[in-house]
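Chain by chain, the residues:
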Amino acid sequence: MIRLSLIALLLSGTATLAAPQPAQPAPVAVASAAAAPAATALPAKLQLRPEISLARDLVTFGDLIPGLAGEAAATAAFRAPALGETGTIQVARIVEAARAAGIVREASELHSQGFAQVVVTRAARRITASDLEAAVKTGLQERFGVDARIFALAIDGGAPGIAVEPELTGDVAVIDLSFDARSRRLQARLAVPGSTAMRLKPLRISGQLVETMEVVVPKRLIARGETLSKDDVTVERRPRDGQGGEIIGDVRAAIDKVARRALLAGVALRGSDVQREEIVGKGDLVTIVYEAPGLLITLRGRASEAGAMGDVVSVTNPQSKRVLQGRVSGPGRVSVQPSAAGRVASAQ
């Protein structure tokens, strides 16, 4: 248990946070030299940790100095930063507090390994915008019968930064909720069950439900000319307003397509961003194939235009200069329909 000294409190004055401020933080409570346990074994060489992370609201000498044991280690030295925050404690202030607690007699007994301050991080669980949205949608379903799955929550002023105790793993719960179905505006008070931080400072938000749509987005940067695979894209719901009519909403419309330009991760794909992979290029020499029961005719030709699998393209016999229309059936291969048999023969 952290031992606080009334005498040290009177000597040290008002406690301050271990926060990143120009002013040096003062000890919150340290044991006086007279009260320090003489029997407590101390390491032969005391060294400060350059960084510490803790879940408590107090920094003890055991946190600052590895190897301390017993009451010396449990003695409180400084207040920790707020939940989720990082602060610093000047080494000179730590030495002063350690001398007052009787842990060291001289400043030279405590080594800082060259650094001038100790960085203190207070562990916390961060509450995200997704956590808040999920809680509000659950509350709307339970209290108003509103199925909000096709909506997103637009919080006025953006989602606030909320940190709670790291040991709390429960979902965010709605305490109060009001909703106007016509305007889709709402107000809510939320909390994480068991959180002292949120009990002292309740979270209140206001916002509006906005209709969303499914959009296909790249998971990573896609280079121009690269073919997209199923592992390169995902489907997300985004606000419908401002998306435009070219947005790709079906992942099948993006897979195996070629990027016409560099595609940024997380940016919704448009139809003009991708195209089918061209397996016949303009000006390429191709094999023209006519196949019917008992008949197979092939001849060489040159593609007058590029095409992907299944595209209808024009091909020319370089010798006769005859032009045929065929469907791309493979790399460097164009197939013509039986109705074009006469044209094929005349093109030879």
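These numbers were taken from a predicted model, which means no experiment stands behind them.

Colleague: Hey, could you run me through the overall build of the chain in this one?
Modeller: Looking only at helices and strands, the chain features seven helices and 23 strands. For the chain, the proportion of its 348 residues judged to be buried stands at 40%. Element-wise, carbon and sulfur atoms account for 51% of the exposed surface of the chain, whose accessible area totals about 18,900 Å².

Colleague: So what exactly am I meant to see when it comes to the sheet that holds strand β18 (residues 285-292) here?
Modeller: Strand pairing in a sheet relies on backbone hydrogen bonds, with the paired strands running either antiparallel or parallel. Ordered by their spatial adjacency, five strands build a closed barrel running β18-β19-β21-β22-β23, and the pairing between neighbours is mixed. Between one strand and the next, the sheet's axes are offset by a mean angle of 50°, whatever the strand orientation.

Colleague: For this particular structure, what's the right way to read the sheet that holds strand β5 (residues 86-90)?
Modeller: What the three strands build is an open sheet, ordered β2-β7-β5; its pairing is mixed. Taken across any chain shown, the strands that pair with only one partner, and hence form the sheet edges, are β2 (51-54) and β5. In this sheet, neighbouring strand axes are inclined to one another by 25° on average, regardless of whether the strands run parallel or antiparallel. The sheet contact formed by β2 and strand β7 (residues 117-122) spans four bridges and is parallel. Each bridged residue has a counterpart across the sheet, and for S53 the counterpart in β7 is T121.

Colleague: Would you explain helix α5 (residues 129-144) in this entry?
Modeller: In an α-helix there are 3.6 residues to a turn, and that puts residues three or four apart on one side. Helix length check: α5, at 16 residues, gives a terminal C-alpha distance of 22 Å against a target of 22 Å (1.5 Å per residue), a fit within 8%. When α5 is considered as a whole, its buried residues turn out to be L132, A135, V136, K137, G139 and L140. Check the buried side of α5 and you find it contacts β8 (125-127), β9 (151-155), β11 (173-180), β12 (185-191) and β13 (203-218). At the exit of α5 stands G145, carrying a positive phi of roughly 70°.

Colleague: Which parts of the structure should I look at to understand the environment of S229?
Modeller: Topologically, S229 is positioned in the loop between β13 and β14 (233-239). Note on S229: relative accessible area 31%, which makes it partly exposed. Along the primary structure S229 and R252 are separated by 23 residues, whereas in three dimensions their C-alpha atoms are 9.9 Å apart.

Colleague: Help me understand the pairing of β9 in this model?
Modeller: Remember that side chains alternate between the two faces of the sheet whenever the strand is regular. Of all five residues in β9, four are buried; the element is thus mostly enclosed. Sheet topology places β9 next to β13; five bridges connect them, and they run antiparallel. Bridge assignment links F151 to a residue of β13, and that residue is E211.

Colleague: For this particular structure, what's the right way to read the side chain of D311?
Modeller: Mapped onto the elements, D311 comes out in the loop between β20 (307-308) and β21 (312-316). The class for D311 is buried, based on a relative accessible area of 19%.

Colleague: In this structure, what is going on with the confidence of the model for the chain? I would like to understand it.
Modeller: Looking at the chain as a whole, the pLDDT averages 83, with 84% of positions reaching at least 70. Segment residues 19-27: pLDDT under 50, and 26 contacts once partners within four positions in sequence are set aside and those in other chains are kept. Low confidence marks residues 344-348, where pLDDT is under 50. Its contacts with residues over four positions away, or in another chain, come to 14 contacts.

Colleague: For this particular structure, what's the right way to read helix α4 (residues 91-100)?
Modeller: All of the buried residues along α4 are V91, R93, I94, V95, A97 and A98. Buried residues along α4 sit in contact with α2 (61-64), β4 (76-79), β5, β6 (110-111) and β7. Of the residues one or two after α4, G102 is the one with positive phi, at around 80°.

Colleague: I tried to follow the packing of aromatic side chains on my own but got confused; where do I start?
Modeller: How two aromatic rings sit relative to each other is given by the distance of their centres and the angle of their planes. Under the defined criterion, the tally for this structure stands at one aromatic pair. Ring geometry for F144 versus F179: centroids 6.0 Å apart, planes at 55°, classification tilted. Pair noted here: F144 is in helix α5 and F179 is in strand β11, with a separation of 35 residues, a long-range link. Of the residues examined, F179 reaches a relative accessible area of 18% and is grouped as buried.

Colleague: I'm lost on the pattern of salt bridges in this one. Help?
Modeller: Once the charged atoms of two side chains with opposite charge are near each other, the side chains can pair. If you walk through the whole model with that rule in mind, you get 14 salt bridges. A salt bridge links E133 to K137; the nearest nitrogen and oxygen atoms lie 2.9 Å apart. With a gap of four residues between them, E133 and K137 both fall in helix α5, about one helical turn apart. Salt bridges here are not isolated pairs; linked through shared partners, they connect R220, E226 and D232.

Colleague: Hey, could you run me through the side chain of K257 in this one?
Modeller: Topologically, K257 is positioned in strand β15 (residues 257-259). An unpaired buried charge is present at K257: no salt bridge exists, and D256, the closest side chain of opposite charge, is 8.9 Å distant. Among the polar contacts made by the side chain of K257, one reaches the main-chain carbonyl oxygen of A253 at a distance of 3.1 Å. Excluding its chain neighbours within four sequence positions, the residues that come into contact with K257 are E226, T227, L228, V274, Q275 and R276.

Colleague: Can you walk me through the environment of R143 in this structure?
Modeller: Relative to the helices and strands, R143 is located in helix α5. The partly exposed category is assigned to R143, whose relative accessible area is 41%. Discounting chain neighbours no more than four positions away, the residues touching R143 are V174, I175, D176 and L177. One polar contact links the side chain of R143 to the main-chain carbonyl oxygen of V174, over a distance of 2.9 Å.

Reading the values: rules and limits
- Residues numbered from 1 in each chain as written.
- Predicted model: local features only at pLDDT ≥ 70, side-chain atom pairs only at ≥ 80, totals over all residues.
- Heavy atoms only, no water.
- Helix = DSSP H or I, 4+ residues; strand = E, 2+ residues; numbered from the N terminus.
- Buried < 20%, exposed > 50% of the residue type's maximum accessible area, 1.4 Å probe, protein only.
- Areas by Shrake-Rupley, 256 points an atom, 1.4 Å probe, with all protein chains shown as cover.
- Pairing = 2+ DSSP bridges.
- Axes fitted to C-alpha atoms, helices over the stretch in contact; angles between N-to-C directions.
- Expected span 1.5 Å × (residues − 1).
- Contact = heavy atoms within 4.5 Å.
- pLDDT = per-residue confidence, 0-100.
- Phe/Tyr/Trp six-rings, centres within 6.5 Å; stacked < 30°, edge-to-face > 60°.
- Salt bridge = Lys/Arg side-chain N within 4 Å of Asp/Glu carboxyl O.
- Lys, Arg positive; Asp, Glu negative; His and termini not counted.
- Polar contact = N/O pair within 3.5 Å; in protein donor to acceptor, adjacent residues only side chain to side chain.

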